[in-house]
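# Analysis of the macromolecular model
Listed below are the residues making up each chain.
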Amino acid sequence: YYTLLRFVVCGAAGYTAFVMYGWGRIGLAWLFGFIAVLFNPLVPIHLSRELWQPIDILCSVSFLVIAIAVKKPR
């Protein structure tokens, strides 16, 4: 389950970083690039459960904010 979740989050974060870079939003591209590296399933980063819980919450909030607040530039 966690390996599949890492693939999905890494792919979604990588794609979001690519789109944000194309839109000229470099800060958001760096943020989602970092999330993609953090959730990389090929070279996993091993942290304790106590560290992963707030990271998971912050990443999910980041995806929600992007989905709701960021609009495609004209």
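Quick note: structure is the one above.
A few points on the structure.

Rules behind the numbers
The numbers attached to residues start from 1 for each chain and follow its sequence in the written order. Totals for whole chains, interfaces and linings use all residues, but because this is a predicted model, local features are given only for residues with pLDDT of at least 70 and pairs of side-chain atoms are given and counted only at 80 or more. To get the side-chain values, take all heavy atoms of the structure and skip hydrogens and water. Note on conventions: DSSP H or I runs of at least 4 residues are helices, E runs of at least 2 residues are strands, and numbering of each starts at the N terminus. Burial here depends on accessible area, computed with a 1.4 Å probe over protein chains only, as a share of the maximum for the residue type. Under 20% is buried, over 50% is exposed, and the range in between is partly exposed. Orientation is described by lines fitted to C-alpha atoms, with helices fitted over the stretch in contact, and by angles between N-to-C directions that extend from 0 to 180 degrees. Put simply, angles under 35 degrees are roughly parallel, angles over 145 are roughly antiparallel, angles from 65 to 115 are roughly perpendicular, and the rest are oblique. In this scheme the crossing of two helices becomes right-handed for a clockwise turn of the near helix relative to the far one and left-handed for an anticlockwise turn of less than a right angle. By definition, residues are in contact when any of their heavy atoms lie within 4.5 Å. Under this grouping Gly is polar, as are all residues other than the nonpolar Ala, Val, Leu, Ile, Met, Phe, Trp, Tyr, Cys and Pro and the charged Asp, Glu, Lys and Arg. The charge count includes Lys and Arg as positive and Asp and Glu as negative, but it does not include His or the ends of the chains. The salt bridge definition used is simple: a Lys or Arg side-chain nitrogen within 4 Å of an Asp or Glu carboxyl oxygen. Multiplying 1.5 Å by the residue count of a helix minus one yields the expected span of that helix. Each direction from the helix axis to a C-beta atom contributes to the arc, which is the arc of those directions.

## Structural notes on the environment of D56
Mapping D56 onto the fold places it in helix α3 (residues 49-69). Taking the relative accessible area as the measure of exposure, D56 reaches 36% and is therefore partly exposed. Spatially, the C-alpha atom of D56 lies 22 Å from that of V19, the residues being 37 residues apart in sequence.

## Describing the packing of helix α1 (residues 2-22) against α3
Here α1 crosses α3 at 45°, and the two axes come no closer than 12 Å. Relative to α3, the element α1 lies oblique. Relative to α3, α1 is oriented so that their crossing is left-handed. Seen from α1, the contacting residues are R6, V9, A12, A13, T16 and M20; seen from α3, they are W52, F63 and I66. Split by residue class, the contact of α1 with α3 holds seven nonpolar, one polar and one charged.

## Some thoughts on the side chain of R6
Positionally, R6 belongs in helix α1. For the buried R6, no salt bridge is present, and the opposite-charge side chain at shortest range is D56, 7.9 Å distant. With residues near it in sequence (within four places) discarded, R6 still touches L38, F39, N40, P41, P44, I45 and W52.

## As for α3
Within an α-helix, residues lying three or four positions from one another point in the same direction, as the helix has 3.6 residues per turn. For α3, with 21 residues, the first-to-last C-alpha span of 30 Å sits near the 30 Å given by 1.5 Å per residue. Looking only at α3, the buried set comprises W52, C59, S62 and I66. Projected onto a plane normal to the axis of α3, the buried residues spread over an arc of 90° and lie on a single side. Turned more than 90 degrees away from the buried face of α3 sit R49, E50, I57, L64, I68 and A69, all of them exposed. Check the buried side of α3 and you find it contacts α1 and α2 (26-38).

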